Number of protein chains: 2
Amino acid sequence: MAPSKSPGASSDRPLPTDTYLSEYSKIFDHIGMLEDMQRMAAYHDAIKRNAAVHFKGKVVLDVGSGTGVLAIWAAQAGARRVYAVEASGVGAHIQTMVEAHGLADTVTVLRERVEQVELAEQVDVIVSEWMGYFLLRESMVESVLLARDRWLKPGGVMYPSHARLLLAPSALPRFLLRRREEIASSMHAWEQLAAELRSKYSLRLDALQAAYEREHHEYAFSEAWQGILPASLLRDEPQVLLEADMHSVTHAQFFDWQTEVQFAPPHADEPQHGLCGWFDVRFCGSESQPAHECVELDTSPEAPPTHWAQTTLLLERPLDGSPLVVALAQNSGFHHDLNVTVSSGAWSASYAVTADFRGGEDFLEDAEAEEGEEGA
Amino acid sequence: MAPSKSPGASSDRPLPTDTYLSEYSKIFDHIGMLEDMQRMAAYHDAIKRNAAVHFKGKVVLDVGSGTGVLAIWAAQAGARRVYAVEASGVGAHIQTMVEAHGLADTVTVLRERVEQVELAEQVDVIVSEWMGYFLLRESMVESVLLARDRWLKPGGVMYPSHARLLLAPSALPRFLLRRREEIASSMHAWEQLAAELRSKYSLRLDALQAAYEREHHEYAFSEAWQGILPASLLRDEPQVLLEADMHSVTHAQFFDWQTEVQFAPPHADEPQHGLCGWFDVRFCGSESQPAHECVELDTSPEAPPTHWAQTTLLLERPLDGSPLVVALAQNSGFHHDLNVTVSSGAWSASYAVTADFRGGEDFLEDAEAEEGEEGA
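About the criteria used
Residues numbered from 1 in each chain as written. Chains lettered and ligands numbered in written order. Predicted model: local features only at pLDDT ≥ 70, side-chain atom pairs only at ≥ 80, totals over all residues. Heavy atoms only, no water. Domains from an automatic or database assignment. Contact = heavy atoms within 4.5 Å. Buried area = accessible area lost by both parts, 1.4 Å probe. Salt bridge = Lys/Arg side-chain N within 4 Å of Asp/Glu carboxyl O. Polar contact = N/O pair within 3.5 Å; in protein donor to acceptor, adjacent residues only side chain to side chain. Helix = DSSP H or I, 4+ residues; strand = E, 2+ residues; numbered from the N terminus. Nonpolar A, V, L, I, M, F, W, Y, C, P; charged D, E, K, R; others polar. Least-squares fit on C-alpha atoms with pLDDT ≥ 70 in both. Axes fitted to C-alpha atoms, helices over the stretch in contact; angles between N-to-C directions. Parallel < 35°, antiparallel > 145°, perpendicular 65-115°, else oblique. Left-handed = near helix turned anticlockwise from the far one by under 90°. Core = buried A, V, L, I, M, F, W, Y, C linked by side-chain atoms within 4.5 Å. Buried < 20%, exposed > 50% of the residue type's maximum accessible area, 1.4 Å probe, protein only. UniProt positions renumbered as here; feature names shortened; annotations may be inferred. Pairing = 2+ DSSP bridges. Phe/Tyr/Trp six-rings, centres within 6.5 Å; stacked < 30°, edge-to-face > 60°. Disulfide = S-S within 2.5 Å.

## Structural notes on the domain arrangement of chain A
Residues and elements named next belong to chain A. The assigned domain composition of chain A is domain 1 (18–129) and domain 2 (164–172 + 223–375). Between the C-alpha centres of domain 1 and domain 2 the distance comes to 28 Å. The interface is formed by 18 residues belonging to domain 1 together with 18 residues belonging to domain 2. Carbon and sulfur atoms make up 65% of the area that domain 1 and domain 2 hide from each other, which totals about 1,400 Å². Across the domain 1-domain 2 interface, the total number found is one salt bridge. One can count five residue pairs in polar contact (both at pLDDT 80 or more) joining domain 1 with domain 2. Broken down by secondary-structure element, the contributors of at least two residues to the side of domain 1 that touches domain 2 are helix H1 (18–21), helix H2 (31–34), helix H3 (37–49) and helix H4 (51–55). The dominant element in the side of domain 1 that touches domain 2, judged by the number of residues it contributes, is H3, at seven residues. Looking at side-chain class alone, the side of domain 1 that touches domain 2 contains six nonpolar, five polar and seven charged residues.

## Some thoughts on the relation of the copies chain A and chain B
With an RMSD of 0.0 Å, chain A superimposes on chain B once it is rotated by 180 degrees and translated 0.0 Å along the axis. Both copies of the chain, as the preceding transformation shows, are related through a two-fold rotation axis. Here 100% of the interface residues in chain A have copies in chain B that are interface residues too; the copies meet face to matching face.

## Points about the packing of H3 of chain A against helix H5 (residues 69–76) of chain A
Residue and element names in this part refer to chain A. Where H3 contacts H5, the axes come no closer than 9 Å and their chain directions differ by 25 degrees. Accordingly, the angle class assigned to the pair H3 and H5 is roughly parallel. The interaxial crossing formed by H3 with H5 has right-handed handedness. Residues Met40, Tyr43, His44 and Ile47 of H3 form the contact with H5, whose own contacting residues are Val69, Leu70, Trp73 and Ala74. Class assignment of the residues belonging to the contact of H3 with H5 gives a composition of seven nonpolar, one polar and no charged.

## Some thoughts on the packing of helix H8 (residues 173–201) of chain A against helix H9 (residues 209–221) of chain A
Residues and elements named next belong to chain A. In contact at an axis separation of 10 Å, H8 and H9 are set at 155 degrees when each is read in the N-to-C sense. In terms of orientation, H8 and H9 fall into the roughly antiparallel class. Of the two elements, H8 crosses H9, and the hand of that crossing is right-handed. Across the interface between the two elements, Leu176, Arg180, Ile183, Ser186, Met187, Trp190 and Glu191 of H8 pack against Gln209, Tyr212, Glu213, His216, His217, Ala220 and Phe221 of H9.

## With respect to the nonpolar core
Ranked by internal contacts, the top residues of the largest apolar core, which has 126 residues, are Leu61, Trp130, Leu135, Leu136 and Phe254 of chain A. When residues in this core are grouped by element, the largest group, nine residues, is from helix H8 (residues 173–201) of chain B. Sequence-distant contacts of Leu61 of chain A, defined by excluding residues within four places in its chain, comprise Tyr83, Val85, Leu119, Val123, Val125, Ile126, Val127, Ala147 and Trp151 of chain A. Core analysis: the next-biggest nonpolar cluster, separate from the first, contains 125 residues, Leu193 of chain A together with Leu145, Ala224 and Leu313 of chain B among them.

## Points about the UniProt feature "domain: Methyltransferase" (unreviewed entry) in chain A
When the UniProt feature table is mapped onto this chain numbering, "domain: Methyltransferase" (unreviewed entry) sits at residues 60–156 of chain A. Strand forms 25% of residues 60–156 of chain A and helix 27%; the C-alpha atoms that close the span are 10 Å apart.

## A few points about the pattern of salt bridges
Going through the model one piece at a time under the given rule, you end up with 26 salt bridges over all chains. In this structure, Asp206 of chain B and Arg204 of chain B form a salt bridge, with 3.0 Å as the shortest nitrogen-oxygen distance. For Asp206 of chain B, a relative accessible area of 31% translates into the label partly exposed. Connected via shared salt-bridge partners are Glu23, Arg137 and Asp337 of chain A.

## Side note on the side chain of Ser344 of chain A
Residue and element names in this part refer to chain A. Examined against the element boundaries, Ser344 turns out to sit in strand S14 (residues 338–344). Relative accessible area serves as the criterion here: at 11%, Ser344 is assigned to the buried category. There is a polar contact of 3.3 Å between the side chain of Ser344 and the backbone oxygen of Pro323.

## Let's talk about the sheet that holds strand S14 (residues 338–344) of chain B
All names here are of chain B. One open sheet accounts for four strands, arranged S9-S13-S14-S15; its pairing is antiparallel. Two strands close off the open sheet at either side, each with one partner strand: strand S9 (256–261) and strand S15 (347–353). Along the sheet, successive strands turn relative to each other by an average axial angle of 15 degrees, direction set aside. Here seven bridges tie S14 to S15, and the two strands are oriented antiparallel to one another. Its bridge partner lying in S15, Val340 is registered against Tyr351.

## Remarks on the sheet that holds strand S3 (residues 107–110) of chain A
Residues and elements named next belong to chain A. With parallel pairing, five strands are arranged side by side in an open sheet as S3-S2-S1-S4-S5. The outermost strands of the open sheet, each flanked by one partner alone, are S3 and strand S5 (152–159). Each strand axis lies, on average, 20 degrees off the axis of its neighbour in the sheet, ignoring direction. Bridge analysis of strand S1 (residues 59–63) against strand S4 (residues 123–128) gives four bridges, and the strand direction is parallel. Opposite Leu61, over in S4, you have Ile126 as the bridge partner.

## A closer look at the packing of aromatic side chains
Residues and elements named next belong to chain A. As enumerated under the stated definition, the model contains 18 aromatic pairs over all chains in all. Ring centres 4.9 Å apart and planes at 75 degrees place the aromatic pair Tyr43 and Phe283 in the edge-to-face group. With a gap of 240 residues between them, Tyr43 in helix H3 and Phe283 in strand S10 (residues 274–285) connect regions that are remote in the sequence. Exposure remark for Tyr43: the relative accessible area of 2% places this residue in the buried category.

## Considering the state of the cysteines
Residue and element names in this part refer to chain A. Applying the stated rule across the entire model yields two disulfides over all chains. Disulfide partner of Cys284: Cys294, at an S-S distance of 2.1 Å. Here Cys294 lies in strand S11 (residues 290–298) and Cys284 lies in strand S10, a separation of ten residues in the sequence.

Have a look at this one:
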């Protein structure tokens, strides 16, 4: 044996797993986030512009501190004490960063899971960059909510303070065609292999042909695609699936819901084979301690691209303008992944949102081809 | 957050983990093995040519049956009863295969871990395709040895019956150069990122520069490279690191050893920056029940290529002709991976053999460039 693709992962442990943490254990794993200037600017501006109201003289907890950037900005904004909590291997470097900024007296590095940390005091502010694909993939926000309920003072402030998950229909004719061509090509190779094994070894691999084709369909149409979706492919305004005030939102409100959305009916000559999801978060403070200046981080196709890109659900049959019920839950096997179900009447389709990286260039080519045709 | 590469995996459970099993849960995961005609021919010929002596009227256990191919061949070779044991998701398809071959009365499918299976009887033969990179990666052979000790009749036969692990020095000038260029390029990108973050946000990412460069060196020089190594790059005859009779070998003999090897000193104008490992297995029966005809499966660079390819350890400093001590152990965190240490006097280098797929084309380009130069 020797495997031909990367392993998946499975666990039902209640705490963030080693498998999940190892996604972030190297500095290398953080480069894509450090390079994302939309992400960096939003957190930097939010902390800096609200230094006087939320950070000066305050106690701050940074949940999942990574290379320590948010903890350092909080300290530079005047925090009296910052706890930087990081359980993955990259936490070994936070102290180096803190000392390089001359903040060793202010920032305390705790290389533990936030679920197990013991702080000497309650905190005024929690900063964290917990957002994953489709807002909630990774389920890291679970740890943030737990830290909030355990360590945030009454009336304390969350950074970010508000989060939304949005969905819009999109036209993806070439993307869908390419997926169908890939499946056809894989099945052609399969038939050749089955013929060879039959003639050489009398093996009846053809008995598995239907099951193998089903696997390919599931891969194309039951896993979410991650990539930059050009705004030109959107076909209606987005609907809000979920809107959360981080100061009061519950675990169930994030991870166990369904909601109905209604989009404009597609044109007959332009079927909609995609649903595109993204999120935005705001830094506006709490009701009792509003921010001096709200800052927003928007991962919409209309906004400058981020490393999150967008999440596309590819549909085997086009939308028909009926209302859609969208439901979300954590994957029962590996709770860092998500299951998203879209249904309309008797029809329904389910998708896994995982750490599998797919899409990207495909969507862009789709839009470029479309623009080329429009120009012609 | 959103990760930028595939997650690793970590576990210290004694049984094959779900993470490991999920590497083989889809039919898709088995295509590379079904396409490997060296592998298929060796098992097919070994079973067919020894049908009369080892299979006719016998009871057979197939450990890790996958799509059921070995179980089917054993039944076609006249076995009275075949137990096909498969714990991963792909086991759902074995019954379909068995029925397509009209063997439902002979083959019993057990969708369990072999460690937990209860058979109605002891078996005459154990067939299994357990070999991984560097022979032992995956540690699946642990399950085979356990099955042998629990279910094989005294004097019963193992398929394969013998296994060897081999090592030879190789010249890899262009491969080494390319790795060094990649590191330099990554560090250049890092310096630009650090400059941008410093000017925009006063962040001192340069504090982590040495640690980041160390990560790149570790990736290049502390992880084994998997790929087809052309025989023209070998620089001496292989030495045997390990030779096992599958009827008597112990777990410790496979997974906890060190041995000394000595290769011809390199030429001064051609430094040897690689150690190349591979394996072969034979199907020769046991001492008391020798095969009618021995069959061999050889993954050497001199043999036709297989999906296992070869395993290359890239060295930061060239070999000098001194004796080398090679040691192997299972990774303490994830026991399906291996740690290999090569040392000579005070110098030593350690490597991880994992499911990470790297190398391949690189080595071939290396050899092609070399041949081009020789031809010029």
